[in-house]
Amino acid sequence: MGRYILNRVGISSLVVLGSMTLIFFLLHILPGDSARLIGGDNVSDERVAELQTQFGLDRPLFEQYLSYITGVLTGNLGTSFIDNQPVLSKIMLHFPATLTLTLFSTLIAIVIGVGLGILSAVYQKSWFDYMVRFVNLFSISMPSFWLGILLILVFSIQLRLLPALGSGTWQQLILPSICLGVIGSGLLARMVRNSVLELKNEHFVLALRAKGLRERSIIYKHVLRNALIPAITVIGILIGELLAGSVVTETVFSRQGIGRLIVDSINQKDIPTIQGTLLIAAVLYILVNLLVDFSYAYIDPRIRKSLVK
Amino acid sequence: MGETMKKKRLLIAIILLLAALLTACADETESSTTLSNKNPISGGEITWALAGTVTEDNLDAHKSGNAQNGRVTRSIYDSLVHETKDGEIEPWLAESWKISEDGKTYTFHLKENVSFTDGTPFDAEAVKFNFDRIKDPATNGTNSMNELGPYESSDVLDKYTVKVNFSKPFAPFLSNAAKSDLGFVSPAAVEKFGEAYPQNPVGTGPFKVKSFTPGTQVVLVKNEDYDWAPDGWGHEGEAYLDKITVQFVPEEATRLGVLQSKQVHAADIVPPQNLVLLRTDPQFNILETELRQINYSMYLNPQKEPWDDLDVRKAVRAALNIESAVEIVYLGTSEQAWSPVTTNMNGYAASVENSWEYNPQLSAHLLEDAGYKKNADGIWAKNGKSLTIDFLDTQGNREKRIDLATVFQNQLKEAGIQLNIVSLSAGEYLERRLAGDYDMIAASQFSGDPDVMRMIFSTKGPNGEENLARANKPELDEWLERGYSTNDEKVRNENYGKAQEYIIENAYSIPTYLFQYSFATVAELKGIEFDSPGFPVFYDAWLQQ
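The shown structure was predicted, so the numbers you read here are calculated from the model rather than taken from an experiment.

Rules behind the numbers
- Residues numbered from 1 in each chain as written.
- Chains lettered and ligands numbered in written order.
- Predicted model: local features only at pLDDT ≥ 70, side-chain atom pairs only at ≥ 80, totals over all residues.
- Heavy atoms only, no water.
- Helix = DSSP H or I, 4+ residues; strand = E, 2+ residues; numbered from the N terminus.
- Buried < 20%, exposed > 50% of the residue type's maximum accessible area, 1.4 Å probe, protein only.
- Contact = heavy atoms within 4.5 Å.
- Areas by Shrake-Rupley, 256 points an atom, 1.4 Å probe, with all protein chains shown as cover.
- Lys, Arg positive; Asp, Glu negative; His and termini not counted.
- Charge placed at Lys NZ, Arg CZ, Asp CG, Glu CD.
- Pairing = 2+ DSSP bridges.
- pLDDT = per-residue confidence, 0-100.
- Axes fitted to C-alpha atoms, helices over the stretch in contact; angles between N-to-C directions.
- Left-handed = near helix turned anticlockwise from the far one by under 90°.
- Nonpolar A, V, L, I, M, F, W, Y, C, P; charged D, E, K, R; others polar.
- Core = buried A, V, L, I, M, F, W, Y, C linked by side-chain atoms within 4.5 Å.
- Buried area = accessible area lost by both parts, 1.4 Å probe.
- Salt bridge = Lys/Arg side-chain N within 4 Å of Asp/Glu carboxyl O.
- Polar contact = N/O pair within 3.5 Å; in protein donor to acceptor, adjacent residues only side chain to side chain.
- 1 Å grid on protein atoms, 1.4 Å probe; cavity = no way out; pocket = protein on both sides within 12 Å on 5 of 7 lines; lining within 4 Å.
- Points joined across faces, edges and corners; volume = space filled by probe spheres on them.

This brings us to the overall build of chain A. Scanning chain A from terminus to terminus reveals 14 helices and zero strands. Listed N to C, the secondary structure of chain A is α-α-α-α-α-α-α-α-α-α-α-α-α-α in terms of helices and strands. Principal-axis analysis of the C-alpha atoms gives chain A an extent of 85 × 60 × 30 Å. For chain A, the proportion of its 309 residues judged to be buried stands at 48%. Long-range pairs, those at least 24 residues apart, make up 73% of the contacts in chain A between residues at least 6 apart in sequence. Only carbon and sulfur atoms are counted for the fraction: they give 69% of the accessible area of chain A, which is about 15,400 Å². Both charge centroids of chain A, one from 25 positive and one from 18 negative side chains, sit 21 Å from each other.

Right, let's talk about the pairing of strand β7 (residues 161–166) of chain B for a bit. Residue and element names in this part refer to chain B. Judged by how many residues are buried, β7 sits mostly within the fold: five of six residues are covered. In terms of strand pairing, strand β5 (residues 105–110) meets β7 through five bridges, oriented antiparallel. Among the inter-strand pairings, Thr105 is bridged to a residue of β7, identified as Asn165. Between strand β6 (residues 151–158) and β7, which pair antiparallel and follow one another directly, the connecting turn spans two residues.

Parts of the model with low pLDDT should not have their predicted coordinates read in detail. Residues and elements named next belong to chain B. Looking at chain B, the pLDDT average stands at 89 and 93% of residues meet or exceed 70. The low-confidence segment residues 20–35, where pLDDT is below 50, has 14 contacts with residues more than four positions distant or belonging to other chains. Overall fold confidence (pTM) sits at 0.80, and the ipTM for the predicted complex is 0.71.

Take the packing of helix α5 (residues 87–122) of chain A against helix α6 (residues 127–141) of chain A next. Two quantities define a packed helix pair, namely the angle between the helix axes and the distance between the axes. All names here are of chain A. Interhelical geometry of α5 versus α6 gives an angle of 140° and a closest axis separation of 8 Å. The way α5 lies across α6 gives a crossing that is left-handed. The segment α5 lies against α6, with Leu116, Leu119 and Ser120 engaging Phe128, Asp129 and Val132. Its residues placed into classes, the contact of α5 with α6 shows four nonpolar, one polar and one charged.

Turning our eyes to something else, we now look at the nonpolar core. If you look at the biggest cluster of nonpolar residues, it comprises 168 residues, and the most contacted ones within it are B:Phe108, B:Phe131, B:Phe173 and B:Phe457. The contacts of B:Phe108, once residues within four sequence positions are left out, are B:Leu80, B:Ala94, B:Ser96, B:Trp97, B:Tyr160, B:Thr161, B:Val162, B:Val164, B:Phe173 and B:Leu174.

This part is about the sheet that holds strand β21 (residues 510–514) of chain B. Residue and element names in this part refer to chain B. Taken together, six strands build an open sheet; the order of strands is β14-β21-β13-β20-β18-β19 and the sheet is mixed. Each end of this open sheet is capped by a strand with a single partner; those strands are β14 (335–336) and β19 (418–423). Sheet topology places strand β13 (residues 293–300) next to β21; three bridges connect them, and they run antiparallel. Each bridged residue has a counterpart across the sheet, and for Tyr296 the counterpart in β21 is Tyr513. Lying on the sheet, helix α12 (residues 401–414) is in contact with β13, β18 (388–393), β19, β20 (440–446) and β21; it crosses β19 at an angle near 155°.

Here we take up helix α13 (residues 426–435) of chain B. Residues and elements named next belong to chain B. With seven of ten residues buried, α13 lies mostly within the body of the structure. When we look at burial in α13, the residues that qualify are Ala426, Gly427, Tyr429, Leu430, Arg432, Arg433 and Leu434. Two residues or fewer past α13, Gly436 is found with a positive phi of approximately 70°.

Before going further, it helps to examine unusual backbone geometry. All names here are of chain B. A cis amide bond, omega -5°, links Glu305 with the succeeding residue Pro306. Along the chain, Pro306 falls in the loop between β13 and α9 (310–319). A positive phi angle, close to 55°, is found at Glu399, a residue other than glycine. Residue position: Glu399 is located in the loop between β18 and α12.

Moving on: the interface of chain B and chain A. Taken together, the 42 residues of chain B in the interface contact 39 residues of chain A. Summing the contributions of chain B and of chain A, the shared interface buries around 3,400 Å²; its carbon and sulfur component is 52%. Taken together, the connections running from chain B to chain A amount to zero salt bridges. Taken together, the links from chain B to chain A amount to seven residue pairs in polar contact (both at pLDDT 80 or more). Sorting the residues of the side of chain B that touches chain A by element identifies β10 (243–248), α7 (252–260) and α13 of chain B as the ones contributing at least two each. Its residues placed into classes, the side of chain B that touches chain A shows 17 nonpolar, 16 polar and nine charged.

So, on to empty space enclosed by the protein. Residue and element names in this part refer to chain B. The tally for this structure, following the rule as stated, stands at six cavities of 30 Å³ or more. In terms of lining, the largest cavity is formed by Asn143, Asn146, Glu147, Asn176, Lys179, Gln445, Phe446, Ser447, Asp449, Asp451, Val452 and Met455. In terms of residue count, the dominant contributor to the lining of the largest cavity is helix α4 (residues 143–147) (three residues).

This part takes up the pattern of salt bridges. Under the counting rule described, the total for this entry stands at 25 salt bridges over all chains. Among the salt bridges present, the one from B:Glu481 reaches B:Lys168, with a minimum N-O distance of 3.4 Å. Placement of the pair is B:Glu481 in helix α15 (residues 474–484) and B:Lys168 in the loop between β7 and α5 (173–177), with a sequence separation of 313 residues. Through salt bridges with shared partners, a single network forms among A:Asp129, A:Arg133 and A:Arg193.

Let us look at the sheet that holds β10(B). Residues and elements named next belong to chain B. Pairing is mixed across the open sheet formed by seven strands, whose spatial order is β8-β9-β10-β1-β11-β22-β12. Unpaired on one side and paired on the other, β8 (207–213) and β12 (284–290) mark the two borders of the sheet. Put simply, the sheet's adjacent strands are angled 20° from each other on average, direction ignored. Judged from the five bridges that link them, strand β9 (residues 217–222) and β10 form a sheet pairing that is antiparallel. Within β10, the position partnered with Leu220 by the bridge is Ile244. Across the sheet, α7 is in contact with β1 (45–50), β11 (266–268), β12 and β22 (516–522); its angle to β11 comes to roughly 155°.

Following this line, the structure appears as C-alpha cells:
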C-alpha cells in the first residue's frame, strides 16, 4: 500500500513539473509583448527596454525558465507585473471564495446526480426515468451563464429570496452553487444510472436476489457501493474543473475568485500571475485525482487487496 | 429594401419581446413608498453596481485610463479647478489662477487648510509632486500624461502658490485639470506604499477608500473633514452619504436585475431595452448625459492595401446604413454620430452632418471603377483577392459594440464586402495594432477637450505614427497642433473644424453612435450630478427616507 502511494505521488510530481514547463513555454510563445502591455498605450521603446530589464524579460528564455522553476520549488511564485504583489498572496486572496463555491456546488452535484441516477435506474423506463434523462441532457448542454442569469431572474429578481451579487455570506453562495451543481449533476446522474443498470444484472446481484434479500437493500447496500467507483472518477474531474474553471459563473454573479483573477491577468498579460494561477489549478487537479485514486482503494477491497500483494 | 425592413422589424420585435419577458413578472402591485422629506439629509449607505471591473492599478488617478475607473476615482480625488457643463472653469482646490501672456505658464493660488485623508496637507509641493509624477514614464500614466501635454516643470513660489510651466502654449490645460485623471494623490501615501500605492489610494476627495478588493468591489466612506467643494456643487462641508459600496458587475443582465429588485441603489450603463422600460417606471430615476469624447468610430487602415484607396474606403462607408444599425442596436436611445467628436465638444463641426449617406449603388459603382468584380460568392474581388475586412476587437460587447459590428457585418455582406470580427486578448490586440497588422479597428476616447483628437489622428500625439487612424497627414498634424497651442477660442474652433471636415471627407474615420451614459437609480436616491466629461459626482447625493 505504502509503495502504491509513493508510486502515485511520484508520478503526480512529474505531471506537475510537466505542466509547469508547458505553462511556462506556452505563455512565452503567446503573441503580445508583456513589457509593452505593462507600459500602456503610449510607451516609448526605451521604456519598454527598461521594463524588460526590470522584469527579467530580456534574459534568455531558458534562464528565465530555470529561475522560475527554482522559485516555485522554494515556494516563490514570483511577483505580479501589474502591481508588484507576490503572486501567491494574490491567489490566496481569491482562493477561499472559489474553494467554497467548488465544495458547495460539488455537494449539490453529488446529491442531485447520485440521487437522480439511482432513482432513474431503479425505475428504469418509467416516466420518471424519461424525465430525469431529459433533465440530465438539459443540464449537461446548458451553458452556465444562461442558467446563472435564469436563476438570478427567478430567485433574486422575481421572488427576491436571494442576493444575486458578490461573495462572502452564505446567502450569496446559494445561487452560484446551484448553478454549477446542477450543471455538474447531469453527467454524474448518467454515470450512476448506467453503472447501476449494468450492476443490476450482475451474477452477484442475482445471487443476492436468490437469497431473498429485499430489492431496496440490494440496491443501496451492494449495487450502490460498486456503482460509486466510476462516479468518484467523475466527481474528481468535476472538482478539478470547478476549481479552475468557474470563470463564467464568477463573472455572472460578480463573485471574487480564481476564475476572475485568471481572466484579469490574461487581459493584462500579467505572466507571473497567469503562471501561478494555472500552476495552482494544475496542482489541485492532480491532487484531487490522486485522492480519487486513493479512495478507490478505500472503497473497493479488491483494489486494496491487490495493492497489499 | 422591403426585405431589410422586415428583418429590422423582426429583430426589434425579438429584442422587445425578450426585454418584456425580463420584466413581465416584476411586482407591479407594490405601491411606491410615500416619500416624506424633500430636502437633503445626511446619512445613508448605498450600493452601486458599476458597469465594468476595476483592477489592481485602477484606483491610482494617474494610471487609470478607462472610463469605468474614472467614474470611481472622481469621488476620491479632487482637481485644481472645476468645469461646469457649459465649459466654465471655476475654482476648486485652486482659489484663483493667472495665465501668462504667452500662454506657457499658469500660476495657481491654492486654497489653504485642504488636506489629504491621511492628514498630509495639500500645498504647492503636492501639486508639483503630482504633475512630476504624471510626467515620469515610470508611472505609466496614459491619459493623464496626454492631458498634461507639453508640461515642463512646476515651481513652488510659496506654500500655497505654484507655477506650472509648459514648453508651448497648451490651451486644453484648465479643462484637463478639472478631470480626475489630473486629480491629486497624497505624496506621503505614494512614499509610504510605493508600488502598492494603487491598492491604498489616498486623495482629498469627499469620499475615501475604506477597502478595495481588486476585481470585486471598493468601499468608499465619507471624508468627514471635507470642506472645499467647488461653488458649482449643491452644498458645503461633508458629503451626505456615509458609505458607497461599488460592486463591479460587468454582466449587464445581472446589473439591471439587481437594480430592478432593489438589491442595489444604482446601476450605470443601462442596456437600451431596459432604458426604454425604466424611463416609465416611477420607482426608478434615469439620469443620462452625453459624454464628451471621441465617438466610437471605425478606422480603416489607410496604410494597408486596399484601404489606401480613398474610393474603397468610401465604398465601405456607403455600404453601411449606420442610422438603421444604431436604431436596431440601441432602440432609439442613441443617435448616429457624424463627426469624430461628440456634438457637445467645443469646436464641433456641424458641417459634417449628412455629408455622406448610405448608398449601396454608390458603393458598387466606386468598387467597379476601382477594378473590382463580384466573385461566385457575391463578394467583390480584384486580382483574385476578395474584399475582406479583418476587424480587430479586444473589448467584447461593451456598449453593445459587437452587436453593432454584427449588424454592420450583415449590411456589408449584402453589399458584397466580407467583415470578419477578430476577437483578441489585450496583448495580441496591442501587438497587431502597433504593427499596423489589421484592416479595421475601432475605439472611443473620453475627454473634455477636442485636443483628444491628437491621440487618434496626429503623428505628433502620444501614439506617434501608430495612432489609431493612421492618416499620418502633415496638414492634419498642423491643424491639431494649432488647435491646442492658442487660447483664442475662435482660432481653436476653426482648426478643429478643418480637421473634422478633412477626416470625414477622406473617410479616415467612420463615426457610429453618440453614446448616452446612463445612470439608473432607485427613486429614493437623489442629487447625483455629472462632472464635465460625464462622470458621476456623489457629493450632493442623498437618500430619501
